[in-house]
Amino acid sequence: MPTPLLVVGSTVRDFCMLERNFLSHIKLVLLLLLMFASALLDIRLPGPPGTGQSESLGSFSLPLAILQFIAALLTIAAAFWEYHTGLDDLMKVRAFFVVHKLHHIIMAAVTFIIMATCIIYVVNSS
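Bear in mind that the values here come from a model prediction, so they are computed numbers and not experimental data.

Further remarks concern the overall build of the protein. Within the protein, the secondary structure is distributed over 3 helices and 0 strands. Taken from N to C terminus, the helices and strands of the protein fall in the order α-α-α. Summing over all exposed atoms, the protein offers an accessible surface of approximately 8600 Å²; the carbon and sulfur share of this is 74%.

Rendered as structure tokens:
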């Protein structure tokens, strides 16, 4: 059964912001899962002809795939947690632009994993 919410002020805009942030997290999850599959299956886009830039990751592929999968799971957890706390604040008519440190810590870990992936790809291609 849907929960009734009185529409006053910026309630609709705030709810749309929560949904937009949640969908942005889900888009990041899909990209991380694509990178996970790419590393696990050792598939990369080929480089220009004659450059030989389509080398595999070798021994880095499995650990990199595991890191990407962990980052996707962390992003899903952060998305649900931020949506749940934001919706709870919206229902209780509290200001929810308060910094939630847990969400920032989780997303910092995901950012670190993405940067480590970039460094591994750069080192492996040179």
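Next, the rest of the story.
The N-to-C vectors of helix α2 (residues 61-91) and helix α3 (residues 101-125) enclose an angle of 155 degrees; their axes lie 9 Å apart at closest approach. By the angle between their axes, α2 is roughly antiparallel relative to α3. At the point where α2 passes α3, the crossing takes the left-handed sense. Together, Leu-64, Leu-67, Gln-68, Ile-70, Ala-71, Leu-74, Thr-75, Ala-78, Trp-81 and Glu-82 of α2 and Leu-102, His-103, Ile-106, Met-107, Ala-109, Val-110, Ile-113, Thr-117, Ile-120 and Tyr-121 of α3 make up the contact between the two elements. Of the residues in the contact of α2 with α3, the class split is 15 nonpolar, 4 polar and 1 charged.

Moving on, we get to the nonpolar core. Membership of the largest hydrophobic core is limited to 6 residues, which are Val-29, Leu-32, Ala-71, Ala-72, Val-110 and Ile-113. The residues contacting Ala-72, other than those within four sequence positions of it, are Val-29, Leu-32 and Leu-33.

Further remarks concern the packing of aromatic side chains. Two numbers describe a pair of aromatic rings. These are the distance of the centres and the angle of the planes. In the structure shown here, the tally under the stated rule is 3 aromatic pairs. The interplanar angle of 65 degrees and the centroid separation of 5.2 Å between the aromatic rings of Phe-22 and Phe-80 together place this pair among those described as edge-to-face. Taken together, the residues Phe-22 in helix α1 (residues 11-40) and Phe-80 in helix α2 connect sequence positions 58 residues apart. Residue class for Phe-80 comes out partly exposed when judged on its relative accessible area of 49%. Aromatic pair Phe-22 and Tyr-83: ring centres 5.5 Å apart, planes at 50 degrees, arrangement tilted. Of this pair, Phe-22 sits in helix α1 while Tyr-83 sits in helix α2, and the two are 61 residues apart along the sequence. For Tyr-83, a relative accessible area of 22% gives the class partly exposed.

Its 31 residues place the ends of α2 45 Å apart at the C-alpha level, agreeing with the 45 Å of an ideal helix rising 1.5 Å per residue. The positive-phi residue at the C-terminal boundary of α2 is Val-93, with phi of around 55 degrees.

Turning our eyes to something else, we now look at the environment of Ser-38. Structurally, Ser-38 is set in helix α1. Excluding its chain neighbours within four sequence positions, the residues that come into contact with Ser-38 are Ile-43 and Tyr-121.

In the contact formed by α1 and α3, the axes pass within 13 Å of each other and the chain directions differ by 35 degrees. Of the two possible hands of crossing, α1 and α3 adopt the one that is left-handed. Along its contact with α1, which presents His-25, Leu-28, Leu-32, Met-35, Ser-38 and Ala-39, the element α3 presents His-103, Met-107, Val-110, Ile-114, Thr-117 and Tyr-121. Residues that form the contact of α1 with α3 fall into these classes: 8 nonpolar, 4 polar and no charged.

Before going further, it helps to spend a moment on α3. Along its 25 residues, α3 runs 36 Å from first to last C-alpha, staying within 8% of the 36 Å computed at 1.5 Å per residue. Buried residues of α3: His-103, Ile-106, Met-107, Val-110, Ile-113, Thr-117 and Tyr-121, and no others. Where the residues of α3 are buried, they touch α1 and α2.

Cut-offs and rules
- Residues numbered from 1 in each chain as written.
- Predicted model: local features only at pLDDT ≥ 70, side-chain atom pairs only at ≥ 80, totals over all residues.
- Heavy atoms only, no water.
- Helix = DSSP H or I, 4+ residues; strand = E, 2+ residues; numbered from the N terminus.
- Areas by Shrake-Rupley, 256 points an atom, 1.4 Å probe, with all protein chains shown as cover.
- Axes fitted to C-alpha atoms, helices over the stretch in contact; angles between N-to-C directions.
- Parallel < 35°, antiparallel > 145°, perpendicular 65-115°, else oblique.
- Left-handed = near helix turned anticlockwise from the far one by under 90°.
- Contact = heavy atoms within 4.5 Å.
- Nonpolar A, V, L, I, M, F, W, Y, C, P; charged D, E, K, R; others polar.
- Core = buried A, V, L, I, M, F, W, Y, C linked by side-chain atoms within 4.5 Å.
- Buried < 20%, exposed > 50% of the residue type's maximum accessible area, 1.4 Å probe, protein only.
- Phe/Tyr/Trp six-rings, centres within 6.5 Å; stacked < 30°, edge-to-face > 60°.
- Expected span 1.5 Å × (residues − 1).

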